[in-house]
Amino acid sequence: MKTLNDHLSQYAAYHRDRRNIVTHFVGIPMIVLSVVVLLARPAFEVAGLSLSLATLAVIAATLYYLRLDLRFGVVMGVLLAACLAVAHATASLSTGAWATFGVGLFVVGWVIQFVGHVFEGRKPAFVDDVMGLIIGPLFVVAELAFLMGLRREVEAVVESRAGPVRGGRELAK
């Protein structure tokens, strides 16, 4: 299994333009929320708990992130749990409202992503490696941590392998 540094470095190689990274701060959360929303129906009651494909996906993704890195995994788990709460609330809406919300977020999120890759001048990472779809949300959390001055050791490895951010992070520091 690839390490956290391996995954983030590979993904970061496709994301060195600051404008592209900024679009990912918006687009990726929209896409993640949309997928969780769309997987929240149907839900089944098991021992008083509401379970859906969204619940199983959130558990599986959180376990994967925790296996890569405990600190980032905990953050991802909290964020995915928040998405799950929104998704289950949205799933109780009419079918039209639920589907419009989920599909709308998905489409707009991907449009934002592709605009970012126009700035980058490079195709999205998932085109070459489907794991980019699960690493993308982790990349956003990692980039936010780097902007906050956290996880400098991870940032140093990523930048040594993928190169510095163009238009740079230094503006935010």
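Use the structure listed above.
Note that this is a predicted model, so its numbers are computed, not measured.

Visitor: Describe empty space enclosed by the protein, and please don't skip the residues or the numbers.
Guide: Using the criterion set out here, one finds 1 cavity of 30 Å³ or more in the structure. Of the voids in this model, the largest cavity is the one considered here, and its volume is about 60 Å³. Forming the walls of the largest cavity are His7, Gln10, Tyr11, Ala125, Asp129, Met131, Gly132 and Ile135. If you list the elements that add at least two residues to the lining of the largest cavity, you get α1 (4-12) and α6 (132-147). The leading source of residues in the lining of the largest cavity is α1, at 3 residues.

Visitor: How would you summarise a nonpolar patch on the surface if you had to cite specific residues and measurements?
Guide: Residues Val35, Val103, Phe106, Val107, Val111, Val115 and Phe119 make up a contiguous nonpolar surface patch of about 530 Å² in total accessible area. Ranked by residues supplied to the nonpolar patch, first place goes to helix α5 (residues 95-120) with 6 residues. Inspection of the secondary structure assignment puts Val35 in helix α2 (residues 18-39). In this structure Val35 comes out as partly exposed when scored by relative accessible area, which is 34%.

Visitor: For the side chain of Thr90, give the residues involved together with the corresponding values.
Guide: Tracing the chain through its elements places Thr90 in helix α4 (residues 70-91). You can call Thr90 buried: its relative accessible area is 8%. The residues touching Thr90, leaving out its near neighbours within four places in the chain, are Val37, Trp98 and Phe101.

Visitor: Give me the layout of surface pockets: which residues, what numbers.
Guide: The volume enclosed by the largest pocket comes to roughly 490 Å³. Ile31, Val32, Leu133, Ile134 and Pro137 are, among the 27 residues lining the largest pocket, the residues nearest its centre. Looking at the lining of the largest pocket element by element, the count peaks at 7 residues for α2.

Visitor: Please give an account of the environment of Val37 that cites residues and values.
Guide: Looking at where Val37 falls in the secondary structure, it is placed in helix α2. With relative accessibility at 0%, the residue Val37 sits in the buried group. Taking the C-alpha atoms as reference points, Val37 and Tyr14, separated by 23 residues in sequence, lie 27 Å from one another. Residues within four places of Val37 in sequence aside, it is in contact with Ala87, Thr90, Trp98, Phe101 and Gly102.

Criteria and cut-off values
- Residues numbered from 1 in each chain as written.
- Predicted model: local features only at pLDDT ≥ 70, side-chain atom pairs only at ≥ 80, totals over all residues.
- Heavy atoms only, no water.
- 1 Å grid on protein atoms, 1.4 Å probe; cavity = no way out; pocket = protein on both sides within 12 Å on 5 of 7 lines; lining within 4 Å.
- Points joined across faces, edges and corners; volume = space filled by probe spheres on them.
- Helix = DSSP H or I, 4+ residues; strand = E, 2+ residues; numbered from the N terminus.
- Patch = residues over 30% accessible without salt bridge, like charges linked within 9 Å, V, L, I, M, F, W, Y side chains within 5 Å.
- Areas by Shrake-Rupley, 256 points an atom, 1.4 Å probe, with all protein chains shown as cover.
- Salt bridge = Lys/Arg side-chain N within 4 Å of Asp/Glu carboxyl O.
- Buried < 20%, exposed > 50% of the residue type's maximum accessible area, 1.4 Å probe, protein only.
- Contact = heavy atoms within 4.5 Å.

What is shown is where atoms sit, not what they do.
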